[in-house]
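# Report on the structure
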Amino acid sequence: MNPTPPYPAAPGPIGVFDSGYGGLTILEQIRATLPGYDYLYLGDNARTPYGTRSFDVVYRYTLECVTHLFARGCHLVILACNTASAKALRTIQQHDLPRLDPARRVLGVIRPTVEAVGTLTRTRHIGLLATPGTVQSGSYPLEIQKLHEGIAVTSEACPMWVPLIENNEHRSPGADYFVRQHVEHLLAADPLIDTLILGCTHYPLLQPKIEPLLPAGVSIVPQGRIVALSLADYLRRHPEMDARCTRGGTCRYLTTEATDKFSASASIFLQKDVQAEHVRVGDVHS
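The present account deals with the structure reproduced in this document. (Residues numbered from 1 in each chain as written. Predicted model: local features only at pLDDT ≥ 70, side-chain atom pairs only at ≥ 80, totals over all residues. Heavy atoms only, no water.)

### A few points about the overall build of the chain
Applied cut-off: Secondary structure elements follow DSSP: runs of H or I no shorter than four residues count as helices, runs of E no shorter than two count as strands, and numbering proceeds from the N terminus. Radius of gyration here uses only the C-alpha atoms, and the compact-globule reference equals 2.2 Å multiplied by the residue count raised to the power 0.38. Relative accessibility under 20% of the residue-type maximum defines a buried residue, over 50% an exposed one, and the middle range a partly exposed one, all with a 1.4 Å probe and only protein chains included.
For the chain, the count of helices and strands is 13 helices and ten strands. Relative to its length of 286 residues, the chain is compact, with a C-alpha radius of gyration of 18 Å against a globular reference of 19 Å. In terms of principal-axis extent, the alpha carbons of the chain reach across some 55 × 40 × 35 Å. Classification of the 286 residues of the chain by burial places 56% in the buried group.

### Description of helix H13 (residues 259-270)
Residues that lie three or four places apart on an α-helix share one face, since the helix turns once every 3.6 residues. As a reminder, the rule being used: A helix is expected to span 1.5 Å for every residue after the first. Should any heavy atoms of two residues lie within 4.5 Å, those residues are considered in contact.
Under the 1.5 Å per step criterion, the end-to-end length of H13 is 16 Å for twelve residues, consistent within 8% with the ideal 16 Å. Where the residues of H13 are buried, they touch helix H1 (23-33), strand S2 (39-43), helix H8 (161-166), strand S9 (251-255) and strand S10 (276-278). Positive backbone phi, approximately 60°, marks Gln-271, located one or two places after H13.

### A few points about the pairing of S2
Short version of the rule: Each pair of strands is called paired provided DSSP finds at least two bridges between the two strands. By convention a crossover is right-handed if, when the strands point away from the viewer, the path from the first strand over the helix to the second runs clockwise.
Of all five residues that make up S2, five are buried, and the element is covered over most of its length. Along S2, one buried face is formed by Tyr-39, Tyr-41 and Gly-43 and the opposite face, lined by Leu-40 and Leu-42, is buried too. Summarising the sheet, strand S1 (residues 14-18) and S2 pair through five bridges and their orientation is parallel. When the bridges of S2 are listed, Val-16 appears paired with Tyr-41. What joins S1 to S2 is H1, and the crossover it makes is right-handed. Summarising the sheet, S2 and S9 pair through five bridges and their orientation is parallel. When the bridges of S9 are listed, Leu-40 appears paired with Arg-252.

### Describing the nonpolar core
Rule in force here: By nonpolar core we mean a set of buried residues, namely Ala, Val, Leu, Ile, Met, Phe, Trp, Tyr and Cys, connected to one another through side-chain atoms within 4.5 Å.
Counting 68 residues, the largest nonpolar core has Ile-210, Leu-235 and Tyr-253 as the members making the most contacts within it. For this core, the element with the highest residue contribution is helix H11 (residues 223-237), accounting for seven residues. Leave out the neighbours within four places in its chain, and Tyr-253 touches Leu-24, Leu-27, Glu-28, Arg-31, Tyr-41, Phe-262, Leu-270, Val-274, Gln-275, Ala-276 and Glu-277. Phe-17, Leu-42, Val-58 and Ala-84 belong to the second-largest nonpolar core, a separate cluster that totals 26 residues.

### Here's the deal with the packing of helix H5 (residues 110-120) against helix H7 (residues 139-147)
Rule in force here: Interaxial angles span 0 to 180 degrees and are taken between N-to-C directions of axes, which are lines fitted to C-alpha atoms, for helices over the stretch in contact. Roughly parallel refers to an angle under 35 degrees, roughly antiparallel to one over 145, roughly perpendicular to one between 65 and 115, and oblique to any angle outside these ranges. It is the rotation of the near helix from the far one that decides the hand of a crossing: anticlockwise by less than a right angle makes it left-handed, clockwise makes it right-handed. The nonpolar class holds Ala, Val, Leu, Ile, Met, Phe, Trp, Tyr, Cys and Pro. Asp, Glu, Lys and Arg form the charged class, and all remaining residues, Gly among them, are polar.
At a minimum axis distance of 9 Å, the contact between H5 and H7 shows a crossing angle of 50°. With respect to H7, the element H5 is oriented oblique. Relative to H7, H5 is oriented so that their crossing is right-handed. In contact with Ile-110, Arg-111, Thr-113, Val-114, Glu-115 and Val-117 of H5, H7 contributes Ser-139, Tyr-140, Glu-143, Ile-144 and Leu-147. Along the lines of polarity and charge, the residues of the contact of H5 with H7 split into six nonpolar, two polar and three charged.

### Comments concerning helix H4 (residues 89-100)
Heads up, the condition is: Arc, as used here, means the arc of the directions from the helix axis to the C-beta atoms.
Helix length check: H4, at twelve residues, gives a terminal C-alpha distance of 14 Å against a target of 16 Å (1.5 Å per residue), a shortfall beyond 12%. Regarding H4, the residues found buried are Leu-89, Ile-92, Asp-96, Leu-97 and Leu-100. Angularly, the buried residues of H4 cover 105° about the axis, an arc narrow enough to put them on a single face. Packing partners of the buried residues in H4 comprise helix H2 (55-71), strand S3 (76-79), helix H3 (82-87) and strand S4 (105-107).

### Observations regarding the sheet that holds strand S7 (residues 195-199)
As a general point, the strands of a sheet are linked pairwise by backbone hydrogen bonds and lie either parallel or antiparallel. Strand order in the open sheet formed by four strands is S6-S5-S7-S8, with parallel pairing between adjacent strands. The open sheet has two free edges, formed respectively by strand S6 (152-157) and strand S8 (219-220), since each of these has just one partner strand. Sheet topology note: the strand S5 (residues 125-130)/S7 ladder contains five bridges and is parallel. What sits directly across from Gly-127, in S7, is Leu-196. Its contacts with the sheet put helix H9 (residues 174-189) on S5, S6 and S7, and the angle it makes with S6 is roughly 155°.

### Remarks on unusual backbone geometry
Following Thr-48, the chain continues into Pro-49 via a peptide bond in cis, with omega recorded as 5°. Counting through the fold element by element, Pro-49 comes out in the loop between S2 and H2. One non-glycine residue with positive phi stands out, namely Asn-168, at about 60°. Mapped onto the elements, Asn-168 comes out in the loop between H8 and H9. A residue is classified by how much of its surface remains accessible, and Asn-168, at 41% relative accessible area, is partly exposed.

### A closer look at the environment of Val-109
Relative to the elements of secondary structure, Val-109 occurs in the loop between S4 and H5. Looking at Val-109, the relative accessible area reads 0%, which means it is buried. For Val-109 and Arg-171, which are 62 residues apart along the polypeptide, the C-alpha to C-alpha distance reads 26 Å. Excluding its chain neighbours within four sequence positions, the residues that come into contact with Val-109 are Leu-79, Ala-80, Cys-81, Asn-82, Ser-85, Tyr-140, Gln-223 and Val-227.

Right under this line is the structure:
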């Protein structure tokens, strides 16, 4: 393996990575909570979805994108993607950061969400709606048991939800069937569920269809807000990292997909037009 070239030492933006577009919902919550910082978003849109890929492939793709953000000056990268957080984060933290640059950090979205659910559930029964990859990883039940012993977690994989959203069909009547199917199946599997994790950053766009299907007393975990508050707390507790994050209130977007395709799809999530820069990452040649 070729030696890793040194990354820029000067302070830089906070990197935010997602395999697709859903991480934009996390980014917007982070920017609302911490508007003064600079952000660099990278969407690996040419290789999305990650949710159906193997652990090895997700790890390799995620590491390629993380190192790309490091090379562009990011000292801190947020994996705003449940699948990447489930399948790649721990290996990157434990194996790759020590050799790449021990001072840089990569954080995910699962741990902050898990830390919060213990105070949200009363029945101690939690439901998880997620991609097949996140469900298969078992990351949410494992992390919840580590922090909140005795909480029951019931998971439901929803393979059609991301394609519906990315094709801008999530508001259509045709999406109702797929949403109802999975929500009802999850609630039938455990009628005691009172707290629901939307374990994919795309899924908040389906929340208007999910909420009417929930019995009274069942609440949805606000993952974006939780991740944003967790990042704010992390920067308060780590002033050395905070000092490496620039503050200009800017946000730039990178994509491995064609920029016009990114702009059209990103507008579904952000409700505004954004301009992106096309980049090549790993074996992406689009």
